[in-house]
Each structure stands twice: as structure tokens, then as C-alpha cells.
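Below are the chains, spelled out letter by letter.
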Amino acid sequence: MNVNVVYRDLDPSPALNSTIHKKVEKLHRYSDSIIHSRVVLDSPHNHKHKGKMYRASIELGIKGSPITVSHDDPSVHIAVRDAFATCERKLKEEADRKKSSRH
């Protein structure tokens, strides 16, 4: 599966790329209808009180309805982890919904 990873206002990281590819492979366990995936990592915020924030956005093209998830955190690694956790939960809910509608 080809994963499109985009870095905005950040330097590309081989460690983050490896983590993202592993997590996308894990998502394929829950749904075989994923057509494409795109992960955008950026640092849009410069808060006076919160400090530097990072955003991880995941777009999954799925047959039927696409899934888009974003998560902000002071650590880019935690933002990626939490965004994929939310995406995994949504895929499981979608699979359960399809399974219950068949029966």
C-alpha cells in the first residue's frame, strides 16, 4: 500500500516515516477497502501559553465514505500515535456497522 506522507514546516524524518508505514499496515487489518492514505504533519500553532504544537492529519480513502482524522499535541510522535488510534477506532466502528447491517 502506498502511503503519501507530507511534511509542512517540518523536516522529513525517517523514523516518523517508518512509524507511519507500520501504522497504516496495521489499519489494513481492520479494513480491506482502503484505497489510498495520506498523512500530513505540520506545526500550525504558535501559542503563547501552550508553546509549539504539532498536528497529524490522516485521510483514508475508503469505499463508501472517506475517513479524516486530525490530532494536535506538543510532540509530533504523540500526535501521530493518537491520530492513528482514533482512525483505528473509526475503522472498527465502520466494520461493526457493516457487520450488523448484514445480519
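Right above here is the structure, for reference.
A short tour of the structure in this document, coming up. Bear in mind the structure is a predicted one, so any value in this text is a computation, not a measurement.

Here we look at unusual backbone geometry
If you check the backbone angles, D9 has positive phi at about 60° while not being a glycine. Turning to its location among the elements, D9 is positioned in the loop between strand 1 (3-8) and helix 1 (14-30). According to the relative accessible area criterion, D9 is exposed, its value standing at 68%.

Section: helix 1
Over its 17 residues, helix 1 extends 26 Å from the first C-alpha to the last, a length consistent with the 24 Å expected when each residue adds 1.5 Å. Those residues of helix 1 lying buried are L16, I20, V24 and L27. What you see down the axis of helix 1 is that its buried residues fit within an arc of 70°, all on one side. Of the exposed residues in helix 1, the ones pointing more than 90 degrees away from its buried face are P14, K22 and R29.

A short note on the environment of M53
Inspection of the secondary structure puts M53 in strand 3 (residues 51-62). The exposure class assigned to M53 is buried, which follows from its relative accessible area of 10%. A sequence separation of 22 residues divides M53 from S75, and the C-alpha atoms of the two residues are 7.1 Å apart.

Focus on the side chain of S33
Relative to the elements of secondary structure, S33 occurs in the loop between helix 1 and strand 2 (34-47). Under the relative-accessibility criterion, S33 is labelled buried at 10%. Polar contacts involving the side chain of S33 include one to the side chain of S31, which spans 2.9 Å. Once residues lying within four places of it in the same chain are set aside, the contact partners of S33 are G61, I62, K63 and K98.

Structural notes on the pairing of strand 4 (residues 67-73)
Bridge count between strand 3 and strand 4: seven bridges; the pairing is antiparallel. Across the sheet, the residue bridging to I58 is V69, located in strand 4.

Details of the nonpolar core
By size, the foremost hydrophobic cluster in this structure holds 24 residues, and its most contacted members are I20, L41, L60 and F84. Elements with a minimum of two residues in this core: strand 1, helix 1, strand 2, strand 3, strand 4 and helix 2 (76-102). The element that contributes the greatest number of residues to this core is helix 2, accounting for seven residues.

Focus on the pattern of salt bridges
Applying the stated criterion across every chain yields a total of seven salt bridges. With a closest N to O distance of 3.4 Å, E88 and K92 form a salt bridge. Of this pair, E88 and K92 both sit in helix 2, four residues apart, which is roughly one turn of that helix. By relative accessible area, which is 37% here, K92 ends up partly exposed. Between E93 and R89 there is a salt bridge, with the nearest N and O atoms lying 3.5 Å from each other. Note that E93 and R89 are positioned in helix 2 at a spacing of four residues, about one turn of the helix. Look at E93 and you get partly exposed, because its relative accessible area is 38%. What makes R89 partly exposed here is its relative accessible area of 44%. What you see here is one network of salt bridges that share partners, running through K26, E88 and K92.

What counts and how
- Per chain, residues are indexed from 1 in the order of the written sequence.
- Owing to the predicted nature of the model, reporting of local features is limited to residues with pLDDT of at least 70; listing and counting of side-chain atom pairs is limited to 80 or more, with chain, interface and lining totals taken over all residues.
- Side-chain descriptors were evaluated using all non-hydrogen atoms of the structure, hydrogens and water having been removed beforehand.
- Secondary structure elements are taken from DSSP: a helix is a run of H or I of four residues or more, a strand is a run of E of two residues or more, and numbering for both begins at the N terminus.
- Type-normalised accessible area, obtained with a 1.4 Å probe on protein chains alone, sets the label of each residue: buried when under 20%, exposed when over 50%, and partly exposed for intermediate values.
- Multiplying 1.5 Å by the residue count of a helix minus one yields the expected span of that helix.
- Think of the arc as the fan of directions from the helix axis to the C-beta atoms.
- Here a polar contact means two N or O atoms within 3.5 Å. Within protein one must be a hydrogen donor candidate and the other an acceptor candidate, and residues neighboring in sequence count only if both atoms are side-chain atoms.
- Any two residues having at least one pair of non-hydrogen atoms within 4.5 Å are treated as being in contact.
- Between any two strands, at least two bridges found by DSSP are needed for them to pair.
- Only buried Ala, Val, Leu, Ile, Met, Phe, Trp, Tyr and Cys residues count toward a nonpolar core, and they belong to the same one when joined by side-chain atoms within 4.5 Å.
- We define a salt bridge as a side-chain nitrogen of Lys or Arg found within 4 Å of a carboxyl oxygen belonging to Asp or Glu.

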